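Observations on chain architecture
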Amino acid sequence: MISYEMSEIRNITLLGHRGSGKSSLVEAMLYISNTTSKMGSVDLGNSISDFDKEEMKQGFSINTSIIPLEYLGYKYNILDTPGYSDFTGEVSSALAVSGGAVLVVNGAAGVEVGTERAWRMLEEAGIPRVIFINKMNKGVHNYEKLLYDMKEKFGKKVAPFCIPIGFEEEFKGFVNVIDLKGRIFNGETCVDAPIPEDIDISEVRGLLLEAIAETDENLLNKYFSGEDFTEEEIRKGLHDGVVSGEIVPVIIGSASNGIGVRTLFQMMYNYLPTPQEVNGGTKSGYMVNSDEKIEREVNINEPFSAIVFKTIVDPYIGKISLFKVNSGKVKKDDEVLISNKNIKVRIGNISFFRGAKQIPADEVSAGDIGAVTKLQEVQTGDTLCDKEDAIVYSVIDFPKPCLYMSIVPKEKSDDDKLSGAIQRLLDEDPSFSIERNFETKEFIIGGQGEKHLNILLNKLQNKFGVNALLKEPEVSYRETIKNSIEAQGRHKKQSGGAGQFGEVFIKFEPHIDEFDFKDEIRGGVVPKTYIPAVEKGLIEAKVKGKLAGYPVINIKATLYDGSYHPVDSNEISFKQAAILAFRKGMETAKCVLLEPIVKMQIVAPDEYIGDIMGDMNKRRGKILGMEPKAYSEQLLTVEVPESEILKYAIDLKSLTQGKGRFEYNFLKYEELQDNLAQKIIEIRKG
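Notes on the structure follow. Only a predicted model underlies this, so the values are computations on that prediction, with no experimental measurement involved. (Residues numbered from 1 in each chain as written. Predicted model: local features only at pLDDT ≥ 70, side-chain atom pairs only at ≥ 80, totals over all residues. Heavy atoms only, no water.)

1. Concerning the pairing of strand S9 (residues 181-185)
Each regular strand shows side chains that alternate between the opposite faces of the sheet. Bridge count for strand S8 (residues 173-176) against S9 is four bridges, and the pairing is antiparallel. Directly across from Asn176, in S9, lies its bridge partner Lys181. Taking the residues that link successive antiparallel strands as the turn, the S8-S9 hairpin has four residues, and the phi of Leu180 there is positive, at about 55 degrees. Alignment of S9 against strand S10 (residues 190-193), held across four bridges, turns out to be antiparallel. From the neighbouring strand, Ile184 faces S10, where its bridge partner is Val191. Linking S9 to S10, which pair antiparallel, is a turn of four residues; within it Gly187 sits at a positive phi near 105 degrees. (Pairing = 2+ DSSP bridges. Helix = DSSP H or I, 4+ residues; strand = E, 2+ residues; numbered from the N terminus.)

So, in structure tokens, the structure goes:
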């Protein structure tokens with residue numbers, strides 16, 4: 001693959017609802033560009049994009065695939081992303097290095113949940129885009145209604161560039177209202193054709209020319225004076241309008257028949273931005289170990305810098321790091337700096353990845369996307385740069401996990417391998433999390449949904465031979481006391497020679513803080529050297545309460561009296577005396593169980609908010625407030641017991657047809673009502 005100038009490169013993300021035909025569109029692009037001799041198929045498991053064994057097995061995309069291809073002297077780096085919401089992290093990483101996007105819509109299904117989600121991600125990232133309505137031959141009978149729905153959902157910036165010729169099985173092509181020519185499928189390929197006499201393009205073309213006029217004051221004056229635009233003015237006006245986000249072209253086609261694919265190539269090159277046009281031709285970063293911002297010009301003559309946006313863990317090849325070069329260039333054997341870690345590494349073999357295939361490269365230059373293998377220190381989000389001119393780019397913003405489960409090895413023999421295998425998967429997919437709950441002794445894995453976690457289990461088995469199961473995690477309850485009590489702890493042990501002796505009197509009472517220890521000893525009845533041992537004993541003892549063995553919190557302990565022996569007393573004696581005092585005190589105190597309360601922020605369309613509030617009431621939730629958001633959505637803030645929302649990611653998806661989302665954080669502990677507390681105690685005591 002030859003080296004290209006930045007003006008000849010386009011980095012494009014394909015995204016949309018699952019089943020819209022993104023991977024099939026990639027196959028059509030590969031075939032039409034003569035990169036492959038025939039089109040692969042997702043259904044047959046031989047597509048270039050879905051090369052992962054798990055993708056072949058499941059029949060849908062799980063990972064973002066990088067597909068570099070050359071067409072008519074230009075290079076297109078196509079990033080084919082999954083459509084399932086559980087793999088949104090893959091879309092986030094792709095958009096972080098893209099200049100433009102193609103939003104693929106299943107014409108037969110219309111604007112789906114994933115279509116709206118993808119549009120929102122593009123809007124929030126400020127990425128110029130083209131809409132490709134796919135599967136026009138599979139049941140699209142009302143093109144005008146489909147356009148109306150898009151304008152209603154996405155706004156007036158949606159601009160049709162094509163008028164279909166025929167519908168459903170009779171669909172055979174379209175009229176391009178900009179180029180003023182038809183494109184007809186002849187059974188093998190698409191060819192230019194005259195505009196059919198029964199198709200009137202004047203209204204659609206007039207709206208486009210009006211949109212073009214609004215991109216430039218001189219064009220606006222020309223438009224109102226009735227003058228025609230030149231072809232160059234039309235192209236420049238459209239380019240400026242698309243790059244600025246004021247115009248979103250809509251084109252149509254059928255990936256399976258190759259209809260509209262050449263037009264899509266033309267649109268991507270003419271209207272989507274070059275790497276130098278993104279963000280005004282500069283990339284913002286930071287000084288090493290500093291919050292001071294610096295700018296790096298997106299230019300081949302600048303010092304080398306790149307962002308690692310994706311990692312592939314291959315059991316045979318090892319770690320593969322995919323990176324986008326922002327400035328300068330990198331060659332094999334160059335020594336570069338991982339600036340955010342201050343580690344120097346030597347670049348080994350560099351290449352361009354096309355699905356699973358490596359295409360060797362001599363160098364990767366600014367604006368392009370490449371890959372390097374076996375850099376163990378490098379992770380997704382790291383910055384690679386020139387040793388003498390360092391810069392640190394912001395890490396990629398991945399979605400937070402919303403479904404947490406306990407992961408356990410299926411067999412005892414898998415126990416030692418589980419942690420290491422999960423860590424390697426975390427390198428590949430930063431959108432999930434893993435942590436050890438030392439209190440419950442569980443490994444807690446967090447993901448974007450049930451499908452996400454199940455796929456991770458399959459990867460553990462297929463890639464690393466580790467079999468694991470998912471279980472609902474234990475909730476970390478707490479215990480506390482409701483009244484003040486006093487207790488004596490006396491430790492005495494004599495077994496020949498020096499013995500052990502310590503005696504304490506401690507008052508226990510409810511407190512706002514988790515634990516407070518106060519020394520009120522007077523007259524030296526307990527020497528000061530032993531008082532820290534008393535506190536240590538209490539800290540150790542409160543780890544296990546009397547009701548169900550949960551840690552005791554919100555308690556104040558006041559040491560007010562005691563006695564010691566000049567020979568037999570020591571720190572161990574007083575530590576043991578404190579433990580005894582605590583246990584005696586808890587036996588007589590009124591103890592209650594506390595449950596963790598989380599603060600949830602739920603975002604969903606207006607029409608689902610009533611159902612969500614009703615559901616939260618059933619979960620013992622407390623509505624704190626509601627505020628309107630963009631896209632006719634509401635933000636609902638709720639306090640709810642953690643035990644009630646362990647699988648809420650699954651429930652909310654069902655409740656809102658996949659349109660709702662949420663985040664939550666631990667807020668506080670609250671007393672658990674008696675009937676529920678008794679069930680927990682009975683389970684714990686078995």
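Structure shown, so let's carry the discussion forward.
2. What about the side chain of Ser93?
One can find Ser93 in helix H3 (residues 88-95). Residues within four places of Ser93 in sequence aside, it is in contact with Phe309, Ile396 and Phe398. (Contact = heavy atoms within 4.5 Å.)

3. A look at the pattern of salt bridges
Evaluation of the coordinates by the stated rule reveals 34 salt bridges. Glu474 serves as the salt-bridge partner of Arg684, at 3.8 Å between the closest nitrogen and oxygen. Here Glu474 lies in the loop between strand S27 (468-471) and strand S28 (478-481) and Arg684 lies in helix H16 (residues 674-685), a separation of 210 residues in the sequence. Owing to a relative accessible area of 38%, Arg684 belongs among the partly exposed residues under this scheme. In this structure, Glu540 and Lys575 form a salt bridge, with 2.8 Å as the shortest nitrogen-oxygen distance. In this pair, Glu540 is assigned in helix H12 (residues 531-541) and Lys575 in helix H13 (residues 571-588), connecting sequence segments 35 residues apart. For Glu540, a relative accessible area of 43% corresponds to the partly exposed category. For Lys575, a relative accessible area of 27% puts it in the partly exposed group. (Salt bridge = Lys/Arg side-chain N within 4 Å of Asp/Glu carboxyl O. Buried < 20%, exposed > 50% of the residue type's maximum accessible area, 1.4 Å probe, protein only.)

4. Focus: the packing of H3 against helix H4 (residues 113-125)
Put simply, H3 and H4 touch, their axes get as near as 11 Å, and they point 35 degrees apart. Pair H3 / H4 crosses with right-handed handedness. Contacts between H3 and H4 involve Thr88, Val91, Ser92 and Leu95 from the first element and Arg117, Met121 and Leu122 from the second. Its residues assigned to classes, the contact of H3 with H4 comprises four nonpolar, two polar and one charged. (Axes fitted to C-alpha atoms, helices over the stretch in contact; angles between N-to-C directions. Left-handed = near helix turned anticlockwise from the far one by under 90°. Nonpolar A, V, L, I, M, F, W, Y, C, P; charged D, E, K, R; others polar.)

5. Focus: helix H7 (residues 217-224)
Backbone nitrogen of Asn218 and a side-chain oxygen of the N-cap are separated by 2.9 Å at the start of H7; the cap is Asp216. Directly after H7, the chain includes Gly226, whose backbone phi takes a positive value near 85 degrees. (Polar contact = N/O pair within 3.5 Å; in protein donor to acceptor, adjacent residues only side chain to side chain.)

6. Some remarks on the sheet that holds strand S25 (residues 433-437)
Overall, antiparallel pairing links the four strands, which are arranged S25-S26-S24-S27 in an open sheet. This sheet does not close on itself; its edge strands, each paired only once, are S25 and S27. Adjacent strand axes in the sheet meet at a mean angle of 35 degrees when their direction is disregarded. Of the strand pairs in this sheet, strand S24 (residues 403-409) and strand S26 (residues 442-447) are connected by five bridges, and their pairing is antiparallel. In the sheet register, Tyr404 faces S26, and the bridge partner there is Gly446. Here helix H11 (residues 450-464) sits on the sheet and contacts S24, S26 and S27; the angle it forms with S27, its principal contact strand, is near 160 degrees.

7. Looking at the packing of aromatic side chains
Counted under the stated rule, the structure contains 16 aromatic pairs. Note on Tyr74 and Tyr269: the rings are 3.8 Å apart at their centroids and 20 degrees apart in plane angle, and the pair reads as stacked. Linking Tyr74 in strand S3 (residues 74-80) with Tyr269 in helix H9 (residues 261-271), this pair joins segments that are 195 residues apart in sequence. Of the aromatic side chains, those joined through ring pairs into one cluster are Tyr404, Tyr648, Phe662 and Tyr664. Cation over ring: Arg436 sits above Phe443, and NZ or CZ is 4.1 Å from the ring centre. The ring of Tyr550 is capped by Arg684, whose NZ or CZ atom sits 4.0 Å from the centre of that ring. (Phe/Tyr/Trp six-rings, centres within 6.5 Å; stacked < 30°, edge-to-face > 60°. Lys NZ or Arg CZ within 6 Å of the ring centre and 35° of its normal.)

8. Description of the sheet that holds S10
Adjacent strands of a sheet pair through backbone hydrogen bonds, lying either parallel or antiparallel. Spatially, four strands are ordered S7-S8-S9-S10 in an open sheet, and the strand pairing comes out antiparallel. What marks the edges here is a single partner per strand, and that holds for strand S7 (162-165) and S10. Across the sheet, the mean angle from the axis of one strand to that of its neighbour is 25 degrees, orientation sign disregarded.

9. Topic: unusual backbone geometry
Positive phi, normally seen in glycine, also occurs at Asn279, with a value near 55 degrees. Mapped onto the elements of the fold, Asn279 is located in the loop between H9 and strand S12 (282-286). One non-glycine residue with positive phi stands out, namely Gln657, at about 55 degrees. Structurally, Gln657 is set in the loop between helix H15 (648-655) and strand S36 (661-671). Owing to a relative accessible area of 55%, Gln657 belongs among the exposed residues under this scheme.

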